[in-house]
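Inside the fold
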Amino acid sequence: MNLYAVKAIYLFEMARTWRTLLQSIVSPVLSTSLYFVVFGAAIGSRIDEIEGVNYGSFLVPGLIMLSLLTQSLANASFGIYFPRFTGTIYEVLSAPISYVEILLGYVGAAATKSAMLGLIILATASFIVPVHIEHPVWMIVFLVLTCVTFSLLGFIIGIWAQSFEQLQLVPMLIVMPLAFLGGTFYSIEMLPEVWQKITLFNPVVYLISGFRWSFYEISDVHVAVSVVMTLGFLSIGLIIVAWIFRTGYRLKA
Amino acid sequence: MSTESIIEIRGLSKRYASGFEALKNIDLDIRRGEIFALLGPNGAGKTTLISIVCGIVTPTEGRVTVGGHDIIRDYRAARAKIGLVPQELTTDAFETVWATVSFSRGLFGKPPDPAHVEKVLKALSLWDKKDSKILALSGGMKRRVMIAKALSHEPEVLFLDEPTAGVDVELRQDMWNLVRELRDSGVTIILTTHYIEEAEEMADRVGVINRGQLAVVEDKAVLMRSFGKKQLTLHLAEKLPAVPSELDGYDLELNHDGSELIYTYDTHAARTGITALLGDLQRAGIAFKDLHTTQSSLEDIFVSLVRRSA
């Protein structure tokens, strides 16, 4: 194991986070906090409780999940796309480093960054709306699994993308709508029956439901289903990455 | 320089997905400690060859070992020995010089060694720029940073792909001095260049590649000798209709209008025959008003080789 290389990539990526603190931490925390203020504290006071939880508090897990998804994708996809774009990827490809090590460095850093962000948002939210966490260990498990899974997905997008436009395509056109429709702002029981069924095809439902359960013990699907589905998404990501590395897809001619 | 090979390339071919055959059955040995210049026109396969050895491009056929380690089966050991300075100036613009060079060292699996990084930066006159962001550096300085990155992990083999393209004269001199110092310290250097006079001045051996095939691999001195020739041109006082019969013993040519007599000879032969020729010219009553000699350079040799293999 070339641990020096993993560390080098990891620290390089984290250095980018500190260098762009405003954009990578402050901006997402601020924009998510605005949701808490508007939908939680202001409008939320006129909305009924959902399954015994006041609306502002209900929003917290969903909005954290929304940030984790978008930030993991953005961090990881940019982290690997940018060296491909500038050409500095040559160095990583020519280094005595295995694909697993490359993955640990890039995906590890992206996931760390989103997990940090999630925790900062959680802390910020607790100042604005009442928050309590019923199962802290499960909360961390869901948080970490989601960060890793979506950083992996971001890594795949960063390798697939041929332009900055394509880099934005999947997050904006697929993940963002899925996250909004996946129960960030509502319980799926509030939907008409047919949409409740259709919604189950949305993978984000399982992530948000499990995460919300770890806070308030309320969920749209059973928590075990959420865990299995999350691990399933992680496995799919790993299989795609394994294929990318085996074939050298868009990395090696 | 020993005759032991540090890099062995056997039957190496590369066909890109587009169907383009960049390399066709290349066999090449690079000797430990030499400076090897790879010459060839654009698109000849120089960069593909380097990229395969460094692990950036996957070969279609053939095998390559570096220091006895197969570049695919034993890629860690093979790649750890190699430093690569690619042709394009690709740098992490927002990083400092110090950070990017230290990053490279870590990437190649070496523990941090600030003393070594300092030595490399000083050798490349980058020490006073160590805290500068790369985007603030000039093109020449960026080139130095890329060399520093390649040297950060103390490689045994250094690949320099067009290292002096677009570099000013002073930096080019510095760079060649550095290459000589590296060679003296035991590093094997493989370079590609468009400046043939540089290969002529620097290289121990020269390989000419054209259309994916090696046209020749030879000691530079031997190459210059076997392909090089010298010509003496005599500008005649009066034009001649033909080479006079009393001069038949010499390899003489008359130019198109009969005003110049051209004598081709071997500078390395025991006798060039020039003195005898001049004596015989005098006896034949042929006067000349001027003379000059020309020697074929590596460039002429290169052009003729490329043309021949085309």
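What counts, and at which threshold
Residues numbered from 1 in each chain as written. Chains lettered and ligands numbered in written order. Predicted model: local features only at pLDDT ≥ 70, side-chain atom pairs only at ≥ 80, totals over all residues. Heavy atoms only, no water. pLDDT = per-residue confidence, 0-100. Helix = DSSP H or I, 4+ residues; strand = E, 2+ residues; numbered from the N terminus. Contact = heavy atoms within 4.5 Å. Buried area = accessible area lost by both parts, 1.4 Å probe. Salt bridge = Lys/Arg side-chain N within 4 Å of Asp/Glu carboxyl O. Pairing = 2+ DSSP bridges. Axes fitted to C-alpha atoms, helices over the stretch in contact; angles between N-to-C directions. Parallel < 35°, antiparallel > 145°, perpendicular 65-115°, else oblique. Patch = residues over 30% accessible without salt bridge, like charges linked within 9 Å, V, L, I, M, F, W, Y side chains within 5 Å. Areas by Shrake-Rupley, 256 points an atom, 1.4 Å probe, with all protein chains shown as cover. Buried < 20%, exposed > 50% of the residue type's maximum accessible area, 1.4 Å probe, protein only. 1 Å grid on protein atoms, 1.4 Å probe; cavity = no way out; pocket = protein on both sides within 12 Å on 5 of 7 lines; lining within 4 Å. Points joined across faces, edges and corners; volume = space filled by probe spheres on them. Nonpolar A, V, L, I, M, F, W, Y, C, P; charged D, E, K, R; others polar. Core = buried A, V, L, I, M, F, W, Y, C linked by side-chain atoms within 4.5 Å. Phe/Tyr/Trp six-rings, centres within 6.5 Å; stacked < 30°, edge-to-face > 60°. Lys NZ or Arg CZ within 6 Å of the ring centre and 35° of its normal. Polar contact = N/O pair within 3.5 Å; in protein donor to acceptor, adjacent residues only side chain to side chain. Left-handed = near helix turned anticlockwise from the far one by under 90°. Arc of directions from axis to C-beta. Expected span 1.5 Å × (residues − 1).

Some remarks on the confidence of the model for chain B
For any part of a model where pLDDT is low, the fine detail of the predicted coordinates should not be relied upon. Residue and element names in this part refer to chain B. On average, residues of chain B score 88 in pLDDT, and 95% of them are at 70 or above. When mean pLDDT is compared element by element in chain B, strand β5 (residues 69-70) scores highest at 97, while helix α10 (residues 298-309) scores lowest at 72. Under the prediction, the complex receives an ipTM of 0.88, its pTM being 0.85.

Considerations on the interface of chain A and chain B
Contacts between the two partners involve 24 residues from chain A and, on the opposite side, 30 residues from chain B. Both faces combined, the contact of chain A with chain B buries some 2400 Å², and carbon together with sulfur accounts for 60% of it. The largest contributions to the chain A side of the interface with chain B come from Y90, E91 and P96 of chain A, which together make up 26% of the buried area. The interface formed by chain A and chain B includes 3 salt bridges. The set of elements that each furnish at least two residues to the side of chain A that touches chain B consists of α1 (3-19), α3 (55-86) and α4 (89-94) of chain A.

Description of the pairing of strand β10 (residues 213-219) of chain B
All names here are of chain B. Here strand β9 (residues 205-210) runs beside β10; their pairing, made up of 6 bridges, is antiparallel. For V208, the partnering residue across the bridge sits in β10 and is V216. Connecting β9 to the antiparallel partner β10 that follows it, the hairpin turn spans 2 residues, and R211 within it adopts a positive phi of roughly 50 degrees.

Considering the packing of helix α6 (residues 136-160) of chain A against helix α7 (residues 164-184) of chain A
Helix-helix packing is described using two parameters, namely the angle between the two axes and the distance between the axes. Residue and element names in this part refer to chain A. Two elements in contact, α6 and α7, have axes separated by 8 Å at closest approach and are oriented at 135 degrees. The angle between α6 and α7 falls in the class oblique. Residues F150, I157, G158 and W160 of α6 lie in contact with α7, whose contacting residues are Q166, L167, V170, P171 and V175.

Looking at a nonpolar patch on the surface
Residue and element names in this part refer to chain A. A surface patch of nonpolar side chains, amounting to about 530 Å² of accessible area, comprises V37, V38, I43, I47, F127 and I128. Among the elements of the structure, α2 (21-42) and α5 (99-128) are those that each provide at least two residues to the nonpolar patch. Position of F127 relative to the elements: it lies in helix α5. Looking at F127, the relative accessible area reads 74%, which means it is exposed.

Focus: the layout of surface pockets
To find the voids left in a structure, one rolls a probe of water-molecule size over its atoms. All names here are of chain A. Of the voids in this model, the largest pocket is the one considered here, and its volume is about 900 Å³. Around the largest pocket sit 35 residues that line it, and Q23, Q71, A74, N75 and F78 are the ones nearest its centre. Mapped by element, the contributors of at least two residues to the lining of the largest pocket are α1, α2, α3 and α7. Take the lining of the largest pocket: its biggest share by element is 11 residues, from α3. Of the residues that constitute the lining of the largest pocket, the class distribution is 15 nonpolar, 14 polar and 6 charged.

Remarks on the nonpolar core
In globular proteins that are soluble, nonpolar side chains generally tend to be buried together. Within the largest apolar cluster, 100 residues are counted, with the highest numbers of intra-cluster contacts made by F155 of chain A together with I7, I9, L107, L158, F159 and I189 of chain B. Take this core: its biggest share by element is 7 residues, from helix α5 (residues 139-151) of chain B. Those residues in contact with L158 of chain B, other than ones at most four positions away along the chain, are G83, V85, A150, L151, L182, V187, T188, I189 and I190 of chain B. The next biggest cluster of nonpolar side chains, apart from the first, holds 51 residues, and it includes L69, A115, L122 and C147 of chain A.

Brief notes about unusual backbone geometry
Located in the positive-phi region is R250 of chain A, a residue other than glycine, with phi close to 55 degrees. Phi at R211 of chain B is positive, roughly 50 degrees, even though this residue is not glycine. Take R211 of chain B: it is sitting in the loop between β9 and β10.

Section: the sheet that holds strand β3 (residues 35-39) of chain B
Residues and elements named next belong to chain B. In space, the 6 strands of this open sheet follow the order β6-β7-β8-β3-β9-β10, with mixed pairing throughout. Looking at which strands have only one partner, the edges of the open sheet turn out to be β6 (82-85) and β10. Direction aside, the axes of adjacent strands within the sheet are offset by 15 degrees on average. With 4 bridges joining them, β3 and β9 adopt parallel strand pairing.

Things to note about the packing of aromatic side chains
Evaluated as defined, the whole model comprises 22 aromatic pairs over all chains. With a centroid separation of 6.0 Å and 25 degrees between ring planes, the pair formed by Y35 of chain A and F39 of chain A is classed as stacked. Here the residue Y35 of chain A and the residue F39 of chain A both occupy positions in helix α2, the gap between them amounting to 4 residues, near one helical turn. By relative accessible area, which is 29% here, F39 of chain A ends up partly exposed. One aromatic cluster is present, built from ring pairs that chain together F78, Y81, F82, F85 and F164 of chain A. Over the ring of W127 of chain B we find K130 of chain B, and its NZ or CZ is 5.1 Å from the ring centre.

Thoughts on the side chain of H116 of chain B
All names here are of chain B. With respect to the helices and strands, H116 occurs in helix α4 (residues 114-123). Overall, the relative accessible area of 11% leaves H116 in the buried class. Side-chain polar atoms of H116 contact the backbone oxygen of S152, separated by 3.4 Å. Leaving out residues up to four positions away in the same chain, H116 has contacts with R105, L151, S152 and E154.

Some points on the packing of helix α9 (residues 203-216) of chain A against helix α10 (residues 223-247) of chain A
Residue and element names in this part refer to chain A. α10 packs onto α9 with a crossing angle of 130 degrees between their chain directions and a minimal axis gap of 8 Å. By the angle between their axes, α9 is oblique relative to α10. Viewed along their axes, α9 and α10 form a crossing whose handedness is left-handed. Here α9 contributes P203, Y206, L207, S209, G210 and W213 to the contact with α10, which in turn contributes V223, V225, S226, M229, T230 and F233.

Examining α4 of chain B
All names here are of chain B. H116, V117, V120 and L121 are the residues of α4 that are buried. Projected down its long axis, α4 shows its buried positions confined to an angular sector of 135 degrees, all on one face. Seen from the buried face of α4, the exposed residues on the opposite side, beyond 90 degrees, are A115 and K119. On its buried face, α4 is in contact with α3 (97-107) and α5. Of the residues one or two after α4, S125 is the one with positive phi, at around 55 degrees.

Here we look at α5 of chain B
The end-to-end C-alpha separation of α5 of chain B is 19 Å, in line with the 18 Å expected for 13 residues at 1.5 Å each. Where burial is concerned, most of α5 of chain B is hidden: 10 out of the 13 residues are buried. For α5 of chain B, the complete set of buried residues consists of M141, R143, R144, V145, M146, I147, A148, K149, A150 and L151 of chain B. On the buried face of α5 of chain B, the contacting elements are α4 of chain A together with β6, α3, α4, β7 (157-161) and α6 (169-184) of chain B.

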